[in-house]
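Examining the three-dimensional arrangement
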Amino acid sequence: MKIKISSDSTCDLSAELVERYDVHIVPLSVSKDGVFYRDGLEITPQDIFDHVSSGGGVCSTAAVNMDEYQHIFEGLRRDNDAVIHFTISSELSCCYQNACLAAQEVPGVYVIDAENLSTGIGQLVLEASIMAREGAAPEEIVEKINTMKKKLDVSFVIDTLEYLYKGGRCSSLAALGANLLSLKPCIEVVDGKMRVGKKYRGSLEKCLEKYIRERLADVDSLDLHRIFVTHSNMDQATVDRIQAVVESCAPFEEILQTKAGCTISCHCGPNCLGILFFRK
């Protein structure tokens, strides 16, 4: 049975991983000054950062609509016996609802609410691709993934509250206070929702090191198969130093560096970094 794994662009998988695991990517739209661009195809995170730094407003993302999903699912089904599609958490976007409506019109399409974002979704996509290659039935894959997604540990530390403030997601007082105190908040994904976790204080790199050491402190609870280090256009030398911290904390079999896409970038801005992995 030939099963195609598909995901919204919010999964933040690199082009190399998309090719290696044969994943079809469905781009969300990004609005910049009222004009919509396809995520990763017509606009990049750097375009967003340049726009904001030059005095423009923050950009926003728009869900894939039902008609778009239906057209994509019909195309994928022509060459495959089944399609399993992943969306960003239904708590954060209406992509899941739209994809489900489209799937009702196209037999053999299964839609999974990842209850997550970024490479938290990416972790699930890769696991589904591996299972499909090993010959698992679509129903078996969906059931296994819906169990696995509850074991994800997904969080990011953000360098600036400017984007959240400009996007109306935090007050000017909170943003000012964070800047004055050099606070770097940790954003966690819990039950499909984003929440503010611990606030770190100091230089970004020192905050990131402390965040990682705390997040990976309970080594016995970690699934050491794979971890993502995902960031929004951070300089490579810093990312490599952060990866070395991860390596010093736990013997993961695979550490994958990826860049966050437009969805994370729109809300969290540049120099945001997170580690995304499974717990046992």
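See the structure above.
Criteria and cut-off values
Throughout, residues of each chain are indexed from 1 in the direction in which the sequence is written. Since the coordinates come from a predicted model, pLDDT governs what is reported: local features require at least 70, and pairs of side-chain atoms require 80 or more to be given and counted, while whole-chain, interface and lining totals use all residues. Hydrogens are left out, water is left out, and the side-chain values use all remaining heavy atoms of the structure. Strands were regarded as paired on the criterion that DSSP finds at least two bridges between them. Under the DSSP-based scheme used, a helix requires at least four consecutive residues in state H or I and a strand at least two consecutive residues in state E, with every element numbered from the N terminus. Here an angle of 0 to 180 degrees is reported between the N-to-C directions of two axes, which are lines fitted to C-alpha atoms, with helices fitted over the stretch in contact. The nonpolar core is taken to be a set of buried Ala, Val, Leu, Ile, Met, Phe, Trp, Tyr and Cys residues, with the residues joined through side-chain atoms within 4.5 Å. When accessible area is computed with a 1.4 Å probe and restricted to protein chains, residues below 20% of their type maximum are described as buried, those above 50% as exposed, and intermediate ones as partly exposed. A contact between two residues is defined here by any heavy atoms of the two lying within 4.5 Å. By arc we mean the arc of the directions from the helix axis to the C-beta atoms, nothing more. In these notes the angle categories are as follows: under 35 degrees is roughly parallel, over 145 is roughly antiparallel, 65 to 115 is roughly perpendicular, and the rest is oblique. Take the far helix as the reference: if the near one is turned anticlockwise from it by less than a right angle, the crossing is left-handed, and if turned clockwise, right-handed. Three classes are used, and their members are as follows: Ala, Val, Leu, Ile, Met, Phe, Trp, Tyr, Cys and Pro are nonpolar, Asp, Glu, Lys and Arg are charged, and the others, Gly among them, are polar.

As a further point, take the sheet that holds strand E3 (residues 29-32). Here we have 3 strands laid out as an open sheet, ordered E4-E3-E5, and antiparallel in their pairing. For this open sheet the edge positions go to strand E4 (35-38) and strand E5 (60-62), each flanked by a neighbour on one side alone. Direction aside, the axes of adjacent strands within the sheet are offset by 35° on average. Sheet analysis places E3 next to E5, joined by 3 bridges and oriented antiparallel. Bridging from a neighbouring strand, Val30 pairs with Thr61 of E5.

Here we take up the nonpolar core. Ranked by internal contacts, the top residues of the largest apolar core, which has 56 residues, are Phe86 and Ile141. No other element matches the 7 residues that helix H5 (residues 119-133) contributes to this core. The contacts of Phe86, once residues within four sequence positions are left out, are Ile5, Ser6, Ser7, Asp8, Ile112, Ile121, Leu124, Val125, Ala128 and Ile145. Counting 24 residues, the second largest nonpolar core, distinct from the first, contains Val157, Tyr200, Tyr211 and Met234.

The subject of this paragraph is helix H4 (residues 95-103). For an α-helix, 3.6 residues make a turn, and residues three or four places apart therefore share a direction. Within the span of H4, buried status applies to Cys95, Asn98, Ala99, Ala102 and Ala103. One face of H4 carries all of its buried residues, which in axial projection span an arc of 135°.

Turning next to the packing of H5 against helix H6 (residues 138-148). At a minimum axis separation of 10 Å, H5 and H6 run at an interaxial angle of 150°. The pairing of H5 with H6 is recorded here as roughly antiparallel in orientation. Classified by chirality, the crossing of H6 by H5 is right-handed. Each of Leu124, Glu127, Ala128, Met131 and Ala132 in H5 lies in contact with H6, whose residues at this interface are Glu140, Ile141, Lys144, Ile145 and Met148. In the contact of H5 with H6, the residues fall into 7 nonpolar, no polar and 3 charged.

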